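Fold and geometry: a report
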Amino acid sequence: MRKKIVAGNWKMNKNLQEGITLAQEVEKMASGVSGEVELIIAPPFIHLTEVKKLLGRVKLGAQNCASEASGAFTGEVSAAMLASAGVQYVIIGHSERRSYYGETNSIINKKVRLALENNLHPIFCCGEVLSEREKGAHFDVVRKQVEEGLFTLSSEEFSKVIIAYEPVWAIGTGVNATPAQAQEMHQYIRSLIAGKYGETAANNTSILYGGSCKPSNAGELFANPDVDGGLIGGASLKADDFIGIAKAF
Ligand code: PEP
């Protein structure tokens, strides 16, 4: 049975003290959220060890990991380092990483593998840009991302993966996908999984929606049969909004 999940991607926001305050607020308010909903926050790397000490109900994620295991890669943080700091989830392939840092499907696939080797759950992001949707290429784009990013995994490995469909045109724009657009793509992604790993695996995979999700639209998005929660950017920076989204199921 797949999990309902609401995950917060703080991106490059909040200094350490502000991050500690936000994590404390989220953890406190999390007691009001149904136990069926997994709550995850993904602060910047530098916050992780301090934030870890404050969490119980809420799980800890990172926003990225290196595509190499260790060694001379200045400025990088490995999956093994994240695991050693008590991180449980790692966002991989976010559109900002793809577009600003040149992450290809093959780099993303290496990160996914390293995350899994270190017992982290990858939150694998995929999604099309506006021009791709406008020319009707969105299904092909997402299929290629999912196939090249994930479909080299064994069934056992794949069972640890969470997918986040994040149409790039909806990220940080205030324009969310309609519930019908989200459902249509989530159903398509689930059909791809069924084709590769079988119906049971497809039914057990959590597929999150991301892109301008907020308390006022989360309910209608999460009401769709193939939408299992959200990956939340801007609205995860306020505990009230983040928890409001988690209560929208
Ligand atoms: C994101 O960047 O993962 C995201 C969904 O951002 P926002 O909620 O701000 O659109």
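That block above? That's the structure.
Residue indices follow the written sequence of each chain, beginning from 1 at its first position. Since the coordinates come from a predicted model, pLDDT governs what is reported: local features require at least 70, and pairs of side-chain atoms require 80 or more to be given and counted, while whole-chain, interface and lining totals use all residues. The basis for every side-chain value is the complete set of heavy atoms in the structure, and neither hydrogens nor water enter the calculation.

Here the focus is the nonpolar core. Put simply, a nonpolar core is a bunch of buried Ala, Val, Leu, Ile, Met, Phe, Trp, Tyr and Cys residues held in one set by side-chain atoms that sit within 4.5 Å of each other. Accessible area is worked out with a 1.4 Å probe on protein chains only. A residue is then buried under 20% of its type maximum, exposed over 50%, and partly exposed in between. If you look at the biggest cluster of nonpolar residues, it comprises 67 residues, and the most contacted ones within it are L39 and L150. By definition, any uninterrupted DSSP run of H or I lasting at least four residues is a helix, any uninterrupted run of E lasting at least two residues is a strand, and each is numbered from the N terminus. The biggest single contributor to this core is helix α9 (residues 179-197), with 7 residues. For this analysis, residues touch if any pair of their heavy atoms sits within 4.5 Å. With near-sequence residues (within four places) excluded, L150 lies in contact with N109, V112, F124, Q145, F158, V161, I163 and Y197. The next biggest cluster of nonpolar side chains, apart from the first, holds 12 residues, and it includes I5, I40, I162 and A164.

Let us look at the site of the ligand. If you check the shell around the ligand, you find 14 residues, and the closest are K11, H94, E166, G172 and S212. Any pair of nitrogen or oxygen atoms within 3.5 Å is treated as a polar contact; in protein, a donor-acceptor pairing is required on top of that, and neighbouring residues in sequence qualify only through side-chain atoms on both sides. Contact distances for the ligand include 2.5 Å between an oxygen atom and a side-chain N or O atom of K11. At 2.7 Å from an oxygen atom of the ligand is found a main-chain nitrogen or oxygen belonging to G172. Method for areas: the Shrake-Rupley scheme with a 1.4 Å probe, in which residue coverage is limited to the protein chains shown. Protein contact buries 95% of the 290 Å² of open area that the ligand shows by itself. Consider each residue's heavy atoms; a residue with any of them within 4 Å of a molecule or strand counts as near.

What follows deals with the packing of helix α5 (residues 105-117) against helix α7 (residues 138-150). Here, axes are lines fitted to C-alpha atoms. For helices the fit covers the stretch in contact, and angles between N-to-C directions go from 0 to 180 degrees. Between α5 and α7, the least distance of the axes is 7 Å, while the angle of their chain directions is 45 degrees. Comparing their axes, α7 and α5 come out oblique. α7 is crossed by α5, and the crossing has right-handed handedness. For the pair formed by α5 and α7, the contact residues are N105, N109 and V112 on the first element and K144, Q145, E148, G149 and L150 on the second. An angle below 35 degrees is read as roughly parallel, one above 145 as roughly antiparallel, one from 65 to 115 as roughly perpendicular, and any other as oblique. Note: crossing handedness is left-handed where the near helix turns anticlockwise from the far helix by less than a right angle, and right-handed where it turns clockwise.

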